[in-house]
Number of protein chains: 2
Amino acid sequence: MSSRKPYAQMSKAELSSEYQQLRQIYRKYQGMELNLNMARGKPCREQLDLSMGLMDALTSDADLSCEDGTDCRNYGVLDGIAECKKLMGDMMENNPENIIVYGNSSLNVMYDTVSRAYTHGIMGNTPWCRLDKVKFLCPVPGYDRHFGITEYFGIDMIPVPMYPTGPDMDMVEKLVAEDEAIKGIWCVPKYSNPQGYSYSDETVRRFARLRPKAPDFRIFWDNAYCVHHLYDDPSKQTHIIEILNECKLAGHPDMVYKFASTSKITFPGSGISALATSENNLVDIKNQLKHQTIGHDKVNQLRHVRFFSNGYTIEEHMKKHAAILRPKFEAVERIFEEELGGLGIATWTKPLGGYFISFDGTKGTAKEIVDKAKKAGVTLTPAGATWPYHKDPADSNIRIAPSYPPLEDLETAAKLFTVCVRMVTAKHMLDALENAGAEED
Amino acid sequence: MSSRKPYAQMSKAELSSEYQQLRQIYRKYQGMELNLNMARGKPCREQLDLSMGLMDALTSDADLSCEDGTDCRNYGVLDGIAECKKLMGDMMENNPENIIVYGNSSLNVMYDTVSRAYTHGIMGNTPWCRLDKVKFLCPVPGYDRHFGITEYFGIDMIPVPMYPTGPDMDMVEKLVAEDEAIKGIWCVPKYSNPQGYSYSDETVRRFARLRPKAPDFRIFWDNAYCVHHLYDDPSKQTHIIEILNECKLAGHPDMVYKFASTSKITFPGSGISALATSENNLVDIKNQLKHQTIGHDKVNQLRHVRFFSNGYTIEEHMKKHAAILRPKFEAVERIFEEELGGLGIATWTKPLGGYFISFDGTKGTAKEIVDKAKKAGVTLTPAGATWPYHKDPADSNIRIAPSYPPLEDLETAAKLFTVCVRMVTAKHMLDALENAGAEED
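Predicted model, so just to flag it, every value in this text is computed and none were measured. (Residues numbered from 1 in each chain as written. Chains lettered and ligands numbered in written order. Predicted model: local features only at pLDDT ≥ 70, side-chain atom pairs only at ≥ 80, totals over all residues. Heavy atoms only, no water.)

### Section: the overall build of chain A
Counting its regular elements, chain A contains 13 helices and 13 strands. For a compact globule of 441 residues, the expected C-alpha radius of gyration is about 22 Å, and chain A comes in at 24 Å, within 12% of that figure. The principal-axis extents of the C-alpha atoms in chain A amount to approximately 80 × 55 × 35 Å. For chain A, the proportion of its 441 residues judged to be buried stands at 60%. Restricting to contacts in chain A with at least 6 residues of sequence separation, those with at least 24 account for 78%. When the accessible surface of chain A is totalled, it reaches about 16,600 Å², and 48% of it is carbon and sulfur. For chain A, the distance from the average site of its 51 positive side-chain charges to the average site of its 59 negative ones is 2 Å. (Helix = DSSP H or I, 4+ residues; strand = E, 2+ residues; numbered from the N terminus. Rg over C-alpha atoms; globule rule 2.2 N^0.38 Å. Buried < 20%, exposed > 50% of the residue type's maximum accessible area, 1.4 Å probe, protein only. Contact = heavy atoms within 4.5 Å. Areas by Shrake-Rupley, 256 points an atom, 1.4 Å probe, with all protein chains shown as cover. Lys, Arg positive; Asp, Glu negative; His and termini not counted. Charge placed at Lys NZ, Arg CZ, Asp CG, Glu CD.)

This is the structure in structure tokens:
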């Protein structure tokens, strides 16, 4: 279908013909009354089925006691049962002593971490609510729910460009060293949301060696996709340097909060989340946490421990997820290549893990592409969502989430998406030519 | 053992002999090397065993879908699944539409409610962190974890006397009408912590008709023991007026946040909690909650729904709890009566529900009684814990928690406690006589 001639090299007539053709195809899709969703990083039913054994991990004849004898059914244990700290430590590559196990949502932990800094300050520093200005660095495109938290707390968000190696570290280093109001940076260091990029060794090392002006500057290291590879072949898996240890080596042990959860390992919303950080930070956090709760759901912690036993079992479990997700990512990439390759109107990432593909169209087209797709029955993440304040200055980035729809639906959705991209882009270029012509008159 | 002669009527010699006798008995207890705990309202093992069926409510062959088709395993549903709202509504006597189902801890919901008011304000009012002064009314003696939250946020706590009918409403009405800085009051309206008092109809009606000066004044109505009767006989069960409805009738629909949980129904720490409030408040809360989480643990919500089906089943289930708890409360009351009755040195409550007995000794003895008990191996809630800032001005109140120890241990602990009470009180009175004598010289 693709003419393979770059749009920029097309004559006005060719572009016009292309546009008319695409309109026809688009109308056909509209007639199909699709109702597909590529908006959120939701696991699909087959993925959820992988963890049904979790439901049998604890039955009424089970002993719900921890190794140390604690009855998991009762109150207590603020920071999580020992065996679950160990399990999460295996997964997060951290010492169990550095871990607090929380409830079902790492987003909740991140929100509470910002909220605590806002109300009470970090390790004795001024609460952020008493400061005139608090700023966060936001690598872009990034995760909308991260930006949602900082926006909700009135924190100024400064976009920082993302590269395949991670954020622009020259910029990060310069800004945090200069400005005491910069208190944090949102990071998804591995298989980033939405690009699927992973931070290079150099990037992680430079993070650990930041010299922030603010003593309460913290790296919010959301390792959401730490074991979420798409390929079993180790050479196609990404490993990143463990940040807590690196910060310690660099003499900044307290500079990072690291988050993870089993949301995309077992059941989203019914998994467990965890935070790993330095001892000083743990003391600071627990001093607040003890007022907020007596403890998180230990039965669910024990359930996960009994289901998985250890980090190796998690790795094996994740291969089953990969077997379901991989064909979906590959299908989208194949269709994008077939339908958009060589046209010079779009780029997209080819992740080795995580949940998203980051798509960039021609400047000023993203909103319209998402709108057109919506009108033909395919819901995408709203354009702009990947930027602070929902404002993508180039209006070019769209996050693609291939996980949820069945493969066949996904292929339909991806094809329709490429039709929208080409149609909107062709129209934009035609309009530009019109305008240029008008100006010449 | 009890001489039944009031201590106040004893001669110095009688008191001295009593004291020496008690010291001997106390030393015997010390020799027993006890290790008993009456400090916290923890259910005992037999109570936890009542809910083991919960572990079989959802197995790997179960359909984890809601009635509306929502897959509980996946992301979504910010305010709880419909059938769980209904279940909690049954229990809380509220319309499901007024309910948000949360995670495992109502304490967490209360903390977050205060925190949200502090960071963002209530329904458009000034965030509390921007105010010079925020105050809460604290009926005393009360629940230490409530006071812990307000203290942590630097909120001034004003003690309000508690009577068997509830807080001193004359004082509450006057203070909230006068002082705009008063933003809330902590209430445990039914089987109060620690007295086991329940608010009278008049008290609840007066609450609903408060005319607070602060538009963002809220009643924090912690209905922790809403179905936690000790007796099956309805004439021995307390029913209180439903506060949301009463506030609505009184023209103040937004004035109350009502909290409850299944912590002392199924498993503490692995149950579900809920908040019931007006539609305006719900909108306000959800506007924040959506930034904090994608949703709470729906699988656990469904698990509770499948286990209980409805409010009637909860009532029946609570009778089994009562059968375990009732003998413990009665044993403590019997021993207190046997050992302390008629001595004129102590009073205690005789609750029809809840988890605590409130004990009041002679002025200035509580800390020492708790200390003596501790040194003989019985841990009690620290004296002062039932007051804001841990400061009981009379140093007389001690919270007794009979639920956790086995009956036999509880009897030993209660007996030792009465020995400590008598010994410490006798010593205090002797010291007072000495001092009076010295002054006369």
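### Digging into the relation of the copies chain B and chain A
Rotating chain B by 180° and moving it 0.0 Å along the rotation axis overlays it on chain A with an RMSD of 0.0 Å. Seen this way, the second copy is the image of the first under a two-fold rotation axis. (Least-squares fit on C-alpha atoms with pLDDT ≥ 70 in both.)

### A short note on the interface of chain B and chain A
Counting from both sides, the interface comprises 59 residues of chain B and, opposite them, 59 residues of chain A. Summing both partners gives a buried area of about 5,000 Å² for chain B against chain A, and 50% of it is carried by carbon and sulfur. Contact with chain A buries area across many residues of chain B, yet Arg73(B), Tyr75(B) and Tyr152(B) alone supply 16% of it, more than any other trio. Here chain B and chain A share two salt bridges between them. The shortest N-O distance in the salt bridge between Arg73(A) and Asp49(B) comes to 2.7 Å. Between chain B and chain A we count 27 residue pairs in polar contact (both at pLDDT 80 or more) in total. Among the elements of the structure, helix H2 (45-49), helix H4 (106-120), helix H5 (144-152), helix H9 (279-292) and helix H10 (298-308) of chain B are those that each provide at least two residues to the side of chain B that touches chain A. Top element by residues in the side of chain B that touches chain A is H4(B). It accounts for nine residues. (Buried area = accessible area lost by both parts, 1.4 Å probe. Salt bridge = Lys/Arg side-chain N within 4 Å of Asp/Glu carboxyl O. Polar contact = N/O pair within 3.5 Å; in protein donor to acceptor, adjacent residues only side chain to side chain.)

### Topic: the confidence of the model for chain A
Atom-level detail of predicted coordinates should not be read off regions where pLDDT is low. Here chain A averages 97 in pLDDT, while 98% of its residues score no lower than 70. Reported confidence for the predicted complex is 0.96 by ipTM and 0.97 by pTM. (pLDDT = per-residue confidence, 0-100.)

### Details of the pairing of strand E9 (residues 273-276) of chain A
All names here are of chain A. Burial of E9 is two-sided: the residues Ser 273 and Leu 275 facing one way and the residues Ala 274 and Ala 276 facing the other way are all buried. Sheet analysis places strand E2 (residues 99-101) next to E9, joined by three bridges and oriented antiparallel. Within E9, the position partnered with Ile 99 by the bridge is Ala 276. Where strand E8 (residues 256-261) meets E9, four bridges bridge the pair, whose relative direction is antiparallel. Among the inter-strand pairings, Lys 258 is bridged to a residue of E9, identified as Ala 276. (Pairing = 2+ DSSP bridges.)

### Some remarks on the packing of helix H3 (residues 82-92) of chain A against helix H10 (residues 298-308) of chain A
All names here are of chain A. Where H3 contacts H10, the two axes come as close as 9 Å, and the packing angle between them is 55°. The orientation of H3 relative to H10 falls into the category oblique. Our pair here, H3 against H10, has a crossing hand that is left-handed. From H3, Glu 83, Cys 84 and Leu 87 reach across to H10, where they touch Gln 301, Leu 302, His 304, Val 305 and Phe 308. Along the lines of polarity and charge, the residues of the contact of H3 with H10 split into five nonpolar, two polar and one charged. (Axes fitted to C-alpha atoms, helices over the stretch in contact; angles between N-to-C directions. Parallel < 35°, antiparallel > 145°, perpendicular 65-115°, else oblique. Left-handed = near helix turned anticlockwise from the far one by under 90°. Nonpolar A, V, L, I, M, F, W, Y, C, P; charged D, E, K, R; others polar.)

### Describing the sheet that holds strand E13 (residues 397-400) of chain A
Residue and element names in this part refer to chain A. An order of E10-E11-E13 is seen for the three strands of this open sheet, with the pairing classed as antiparallel. The open sheet has two edge strands with one neighbour each: strand E10 (347-348) and E13. Across the sheet, helix H11 (residues 311-340) is in contact with E10, strand E11 (357-360) and E13; its angle to E11 comes to roughly 15°.

### A short note on the packing of aromatic side chains
Going through the model one piece at a time under the given rule, you end up with 38 aromatic pairs over all chains. Here Tyr111(B) and Phe153(B) contribute two aromatic rings whose centre-to-centre distance is 5.3 Å and whose plane-to-plane angle is 55°, an arrangement assigned as tilted. Of the two residues, Tyr111(B) sits in helix H4 while Phe153(B) sits in the loop between H5 and strand E4 (156-163), which places them 42 residues apart along the sequence. Its end group placed over the ring of Tyr355(A), Lys264(A) keeps NZ or CZ at 5.3 Å from the ring centre. (Phe/Tyr/Trp six-rings, centres within 6.5 Å; stacked < 30°, edge-to-face > 60°. Lys NZ or Arg CZ within 6 Å of the ring centre and 35° of its normal.)

### As for the nonpolar core
In terms of nonpolar packing, the biggest core is built from 70 residues, with Trp128(A), Trp186(A), Trp128(B) and Trp186(B) touching the most fellow members. The residues contacting Trp128(A), other than those within four sequence positions of it, are Val114(A), Ala117(A), Tyr118(A), Ile122(A), Val134(A), Phe136(A), Ile155(A), Lys183(A) and Asp216(A). (Core = buried A, V, L, I, M, F, W, Y, C linked by side-chain atoms within 4.5 Å.)

### Comments concerning the sheet that holds strand E11 (residues 357-360) of chain B
Think of a sheet as strands paired side by side through backbone hydrogen bonds, with each pair either parallel or antiparallel. Residue and element names in this part refer to chain B. A sheet is described by the order of its strands in space; here three strands give the open sequence E10-E11-E13, paired in antiparallel fashion. The outermost strands of the open sheet, each flanked by one partner alone, are strand E10 (347-348) and strand E13 (397-400). Running over the sheet, helix H11 (residues 311-340) touches E10, E11 and E13 and is turned about 15° from E11.

### Digging into helix H12 (residues 366-375) of chain A
Residue and element names in this part refer to chain A. By the burial criterion, the buried members of H12 are Ala 366, Ile 369, Val 370 and Ala 373. Down the axis, H12 shows its buried residues gathered within 95° of arc, on one side only. Along H12, the residues that are exposed and aim more than 90 degrees away from the buried face are Lys 367 and Lys 375. Two residues or fewer after H12 comes Gly 377, characterised by a positive phi angle close to 95°. (Arc of directions from axis to C-beta.)

### A look at the pattern of salt bridges
Within the structure shown, the criterion is met by 50 salt bridges over all chains. One salt bridge connects Arg209(A) with Glu246(A), and the closest N-O pair in it is separated by 2.9 Å. Placement of Arg209(A) in the loop between helix H7 (201-208) and strand E7 (218-222) and of Glu246(A) in helix H8 (residues 243-249) is noted, with a sequence separation of 37 residues between them. A relative accessible area of 39% places Arg209(A) in the partly exposed class. When the shortest N-O distance is used, the salt bridge between Lys85(B) and Asp79(B) registers 3.0 Å. In this structure, a network of salt bridges that share partners links the residues Asp170(A), Glu173(A), Glu202(A) and Arg206(A).

### A look at helix H5 (residues 144-152) of chain A
All names here are of chain A. Counted residue by residue, H5 has seven buried out of nine residues, so it is predominantly covered. Looking at H5, one finds that the buried residues are Asp 144, His 146, Phe 147, Gly 148, Ile 149, Thr 150 and Tyr 152. Of the residues one or two after H5, Gly 154 is the one with positive phi, at around 65°.

### What to know about the pairing of strand E3 (residues 135-140) of chain B
All names here are of chain B. The buried fraction of E3 is high, at six of six residues. Both faces of E3 are covered, namely the face carrying Lys 135, Leu 137 and Pro 139 and the face carrying Phe 136, Cys 138 and Val 140. In terms of strand pairing, E3 meets E4 through six bridges, oriented parallel. Across the sheet, residue Cys 138 finds its bridge partner in E4, namely Pro 159. In terms of handedness, the path from E3 via H5 over to E4 forms a crossover that is right-handed. In the sheet, E3 pairs with strand E6 (residues 182-187) via three bridges, with the strands oriented parallel. In the sheet register, Lys 135 faces E6, and the bridge partner there is Ile 182. (Right-handed = clockwise from strand over helix to strand, strands pointing away.)

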